[in-house]
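Reading the structure
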Amino acid sequence: MLRGGLWDMVIAMLLWGVWLPSCLSQTTSPSQDGKIKFRLAGYPRKHNEGRVEVFYNGEWGTICDDDFTLANAHVLCRHLGFVEALSWSHSAKYGPGTGKIWLDNVMCGGSENSIEKCVSRGWGNSDCTHQEDAGVVCKDERLPGFADSNIIEMQVNENRMENIRLRPLSGAHAGRMPVTEGVIEVKFKEGWGHICNTGWTTKNSRVVCGMMGFPSQRTVGKKPIMTNVYKALKKVKSIPYVATGPLANEFLTSQVRLKGGAKTGEGRVEVLKGSEWGTVCDDHWNLQSASVVCREVGFGTAKEALTGARMGQGMGPIYMNEVQCRGDEKSLWDCPHKSITAEDCKHMEDASVICNIPYMGFEKSIRLTGGRTQLEGRVELLLSTGSGVRDWGLVCGDGWTSREAMVVCRQLGLGHASSGLRETWYWDSSNVTEMVLSGVKCKGNEMTLTDCQHHSVVSCKRAGAQFSAGIICSDTASDLVLNAPLVEQTVYIEDRPLHLLYCAAEENCLAKSAAQANWPYGHRRLLRFSSEIHNIGKADFRPRLGRHSWVWHECHRHYHSMDIFTYYDLLSLNGTKVADGHKASFCLEDTECHEGVLKHYECANFGEQGITVGCWDLYRHDIDCQWIDITDVIPGNYILQVIINPNFEVAESDFTNNAMRCNCKYDGNRVWLHKCHLGDSFSEEAEKEFEHYPGQLNNKIS
C-alpha cells in the first residue's frame, strides 16, 4: 500500500496531471540531426513561440540571452520545424526555466544547420541565471517534410505518475473490454502498487477515470474499486457529425464535435452557434479547456491540447478566442472567452485536442499481412466460424474504397488511410484463404470494420487471396472542401449554341436528349457556376493513378487523371435527380494558394496534377463541362448538390464535408441559389429544415 506522505504525493500528482495551470505548458520537438532535442516552453504563449529548451546529455535545460541575436533565433526555429524566426526575447519573458543552462554567449551567422555549429562557451558553461533565459517567436510556417506536431501539454515534474490501471475483481471480468471496474493500481518504481482507501473521495475517482478516458465514476463502499457510467459505444454510432468515431456519455451534447482526426477521441474542435458549426482559435489554448471538450464529446480528460491547426483547418466561422476554462465546466461555451473578429484569428490557428480514451482492444481482432511495412497489407479478420472456433479470414475486395480503409486504419491505430486496395496479388500470400466478410460499406466514422454494413452471408465475385481487400495507412491525409459561397455568387443560365458544344458532347457533358438534337443548329440551356476546391488537410491531394495511366483527350487537349472528380446534381425537393453533370479532373492544379504556401502542381507540359495543402483549384464558370444541362428541366424549386471525390477514389481525413447543397429557384428564364452550405456545416435541425424548405420566397417569384 502507498501510505502517508507518499499517498499525498500520489493524489497531488494525479490532480496536477489534470488541473495544473497552463503556465507549465510546453512544446517538444526533436532536432533534425538526432543528437539533441529542442522544445518551446513557458506561458503565456502560442505553439510557435516560447522559452527555448534544449535536451542534451539526458537532461533538459535552457539558453542564456547573453549575446543572443535574431540569427540565433533563425537556427533554433529551424530546429523546431519552422522556416525562420520573427523575433526573440530576453530576460525570461516566458518565465524562468529549471535545470541546467546548457548554452551561453551563443553567436550564430543564421545559416547554420545546427546550433552546435554556432560559437558559444560550450555545453554547460554559463554564468547566467534562469532570469536570463532566451525565447523565440518563429514564423508560423512549417518546413517541408517536418511532420512533428507542436503540442502544448502539461509537464508536472520528473516524478509525474504516467501509468494507472484497473485490475478486474474476478476472472469473469478479465476478458471484457473496456475494463470499467476494479482495484486501482499505479505504476510505482519498477512495479505496480495499490492506493490506501483512507480519505478516498469521488473527486479522486473522477481523476482516475478521466485519466483512462472515462467521463464519470462511482466508488464502491470504502474500497478503491472503480467503475464508470460509460455507455456502450455501439449504441450511439448514429450521433451526428462525430467524424472521429462513435462517442457517448451523459455529458454529450450537440454543441461541440471533433473533426479531421485519425483516431477516436482526437480532432479539430468545432462548436455550434445558432445553426452553424465553427472553430476555436488557439490563443491561450491549454489542457484545462481541452479537457472540457473531451468530456463534452464523451471522454474524461484531454491528453494533449494542440495548436496551429495540427488537425487541419476549418472552413466556417471562428467563434471563440482566448478560451480560459477552469477545467470543470460542463460545456466549452461556459468558459470565459472572447468573440472573434476577422483580424483576431485565422483558420491556421484552429485549436485541436487528443483525448484520453478507454482501451478497447479493437486491434486484437484485425491484422495486416504481406505488406512491405507495418502501415500496409492485406486485411485479415479474426471471426467465429460456424463451429464456434475463432479463426482468421479475408475481406472481399469488391467495392472496397478508401472509406473502408479509413475504418481499418483507425481500428489498428495506424492513423489515416492512404489507399484502399481491391486487389492484393502483388503482396506475399499467407495461409489464410477463406473470405469471411463481403459487401462492406462504411460511413467512415465506425470504430471497427464489423460495425460497417456488410453481407449477412459472404458473397464475393472474385475468389482468391489476390482479390481480397488491402490498405495503406499514413500519418496525414488530404481534405477537400468546396467554397460554397462562391457557387452561390457565380450561378447563371446560358443558352449555348450547339456548334460550340462538340467537345462537351464528346466528353459526355450534356443530357441524353442532346443526341437527338439537330446539330449544329439550336442550343442547350446550361446552369453554370464556378467551383473552387480547397485542400484544408495535412497532405497533398493526388490522383489515385500515376501519369502513365492518364488518358489524353485531343478535343480539349488535356489529360484526365481521374475518371470522375465531381458530381453535379439537380434534385427535386423529394430527392429525385432531374438533371446531372460531372467533372473529370481535366486539369487538377494549384490555381491559388494562401500567403506563404508555394504551388507544386501545374498541368501544362504534362505536369504533375494535384492540390497542395493550403491551395485551391478553381474551375471557372466559363470552362467546358462546368455546368448542368437543364434543357429538359421545367421551372420550379430544386436542390443543387455538388459532391467532390464521390467514389472515394482518393483517401481524405474527412468525407463528411465533400458535399455541398443549395436551394435552387428556376423560373424558366432565371435562376437563384440560396443557403449554399457544406454537408456538415449546419446543425442537424437546420439541415432537416433545409431539406423541407418549400422554396425561396425572397425573390418574389411565385
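The notes below deal with the structure included here. Everything numeric here is computed off the predicted structure, so don't read it as measured data.

Conventions and cut-offs
Residues numbered from 1 in each chain as written. Predicted model: local features only at pLDDT ≥ 70, side-chain atom pairs only at ≥ 80, totals over all residues. Heavy atoms only, no water. Helix = DSSP H or I, 4+ residues; strand = E, 2+ residues; numbered from the N terminus. Buried < 20%, exposed > 50% of the residue type's maximum accessible area, 1.4 Å probe, protein only. Contact = heavy atoms within 4.5 Å. Areas by Shrake-Rupley, 256 points an atom, 1.4 Å probe, with all protein chains shown as cover. Pairing = 2+ DSSP bridges. Polar contact = N/O pair within 3.5 Å; in protein donor to acceptor, adjacent residues only side chain to side chain. Disulfide = S-S within 2.5 Å. Axes fitted to C-alpha atoms, helices over the stretch in contact; angles between N-to-C directions. Salt bridge = Lys/Arg side-chain N within 4 Å of Asp/Glu carboxyl O.

Here's the deal with the overall build of the protein
A tally of regular secondary structure across the protein gives nine helices and 40 strands. Counting all 702 residues of the protein, 55% fall into the buried class. In the protein, once contacts between residues fewer than 6 apart in sequence are set aside, the share between residues at least 24 apart is 69%. Of the accessible surface of the protein, which amounts to about 31000 Å², a share of 50% is contributed by carbon and sulfur atoms.

Considering the sheet that holds strand β27 (residues 480-482)
Whenever strands of a sheet pair, they do so through backbone hydrogen bonds, lying parallel or antiparallel. Across the sheet, four strands lie side by side as β27-β30-β36-β35; this open sheet has antiparallel pairing. Each edge of the sheet is formed by a strand with only one pairing partner; in this case those strands are β27 and β35 (592-593). When β35 meets strand β36 (residues 615-619), the two strands line up antiparallel, connected through two bridges. For C593, the partnering residue across the bridge sits in β36 and is C615.

So, the pairing of strand β7 (residues 135-138)
Looking down a regular strand, the side chains alternate between one sheet face and the other. Side chains G135 and V137 of β7 all project onto a buried face; the interleaved residues V136 and C138 project onto the opposite face, where all are buried too. Direction of pairing for strand β3 (residues 49-56) relative to β7: antiparallel, over a ladder of three bridges. Directly across from G50, in β7, lies its bridge partner V136. Pairing geometry for strand β5 (residues 85-89) and β7, over four bridges, is antiparallel. Paired with S87 across the bridge in β7 is V137.

Some words on the side chain of H347
Secondary-structure assignment places H347 in the loop between β19 (338-339) and β20 (352-355). Within polar-contact distance, the side chain of H347 engages the backbone oxygen of G316 at 2.6 Å. In this view, H347 contacts T279, A309, Q313, G314, M315, G316, P317 and I318; residues no more than four positions away in its chain are not counted.

Quick look at the state of the cysteines
Applying the stated criterion across every chain yields a total of 13 disulfides. The residue that forms a disulfide with C396 is C460, at a sulfur-sulfur distance of 2.1 Å. Residues C396 and C460 share a disulfide whose torsion about the S-S bond is about 80 degrees; that sign makes it right-handed. Placement of C396 in the loop between β23 (390-395) and α6 (402-412) and of C460 in the loop between β25 (435-437) and β26 (470-474) is noted, with a sequence separation of 64 residues between them.

Remarks on the sheet that holds strand β29 (residues 523-528)
Ordered in space as β28-β29-β37, the three strands form an open sheet in which the pairing is antiparallel. Taken across any chain shown, the strands that pair with only one partner, and hence form the sheet edges, are β28 (492-497) and β37 (627-629). Averaged over all pairs of adjacent strands, the angle between their axes in this sheet comes to 35 degrees, without regard to strand direction. Across three bridges, the pairing between β29 and β37 is antiparallel. Looking at the pairing, R528 lines up with W627 of β37.

Let's talk about the environment of E423
With respect to the element layout, E423 can be found in the loop between β24 (416-421) and β25. The class for E423 is partly exposed, based on a relative accessible area of 30%. Spatially, the C-alpha atoms of E423 and G464 are 9.9 Å apart, while their sequence positions differ by 41 residues. Setting aside anything within four residues of it in sequence, one finds E423 in contact with R462, Q466, F467 and S468. Within the structure, the side chain of E423 is placed 3.2 Å from the side chain of W425, a separation counted as a polar contact. A polar contact of 2.9 Å, which involves the side chain of E423, links it to the side chain of R462.

Brief notes about the pattern of salt bridges
In this structure the tally under the stated criterion is 30 salt bridges. For D654, the salt bridge is made with K259, and the minimal N-O distance between the two is 2.8 Å. Taken together, the positions of D654 in the loop between β38 (636-644) and β39 (659-666) and K259 in strand β14 (residues 256-259) put the pair 395 residues apart, joining distant regions of the chain. Here D654 and K259 have matching classes, each one buried. Where D667 meets R670, a salt bridge forms, and the shortest distance between an N and an O atom there is 3.2 Å. Given the relative accessible area of 21%, D667 is considered partly exposed. A network of salt bridges, in which partner residues are shared, links R257, K259, R268, E270, D654 and D680.

Digging into unusual backbone geometry
With an omega of 0 degrees, the peptide bond between W519 and P520 qualifies as cis. Considering the arrangement of structural elements, one finds P520 in the loop between α8 (502-506) and β29. The phi torsion at S91 lies on the positive side, around 55 degrees, for a residue other than glycine. Following the sequence through the fold, S91 ends up in the loop between β5 and β6 (100-103). Look at K675: it is not a glycine, yet its phi comes out positive at around 55 degrees. On the secondary structure map, K675 appears in strand β40 (residues 671-678).

Some thoughts on the pairing of strand β4 (residues 59-63)
Of all five residues in β4, four are buried; the element is thus mostly enclosed. In this sheet, β4 lies alongside β3 in antiparallel orientation, the contact comprising four bridges. Its bridge partner being in β4, Y56 is matched across the sheet by E59. Turn length for the β3-β4 hairpin, with the two strands adjacent in sequence and antiparallel, is two residues, and the turn residue N57 shows positive phi of about 55 degrees.

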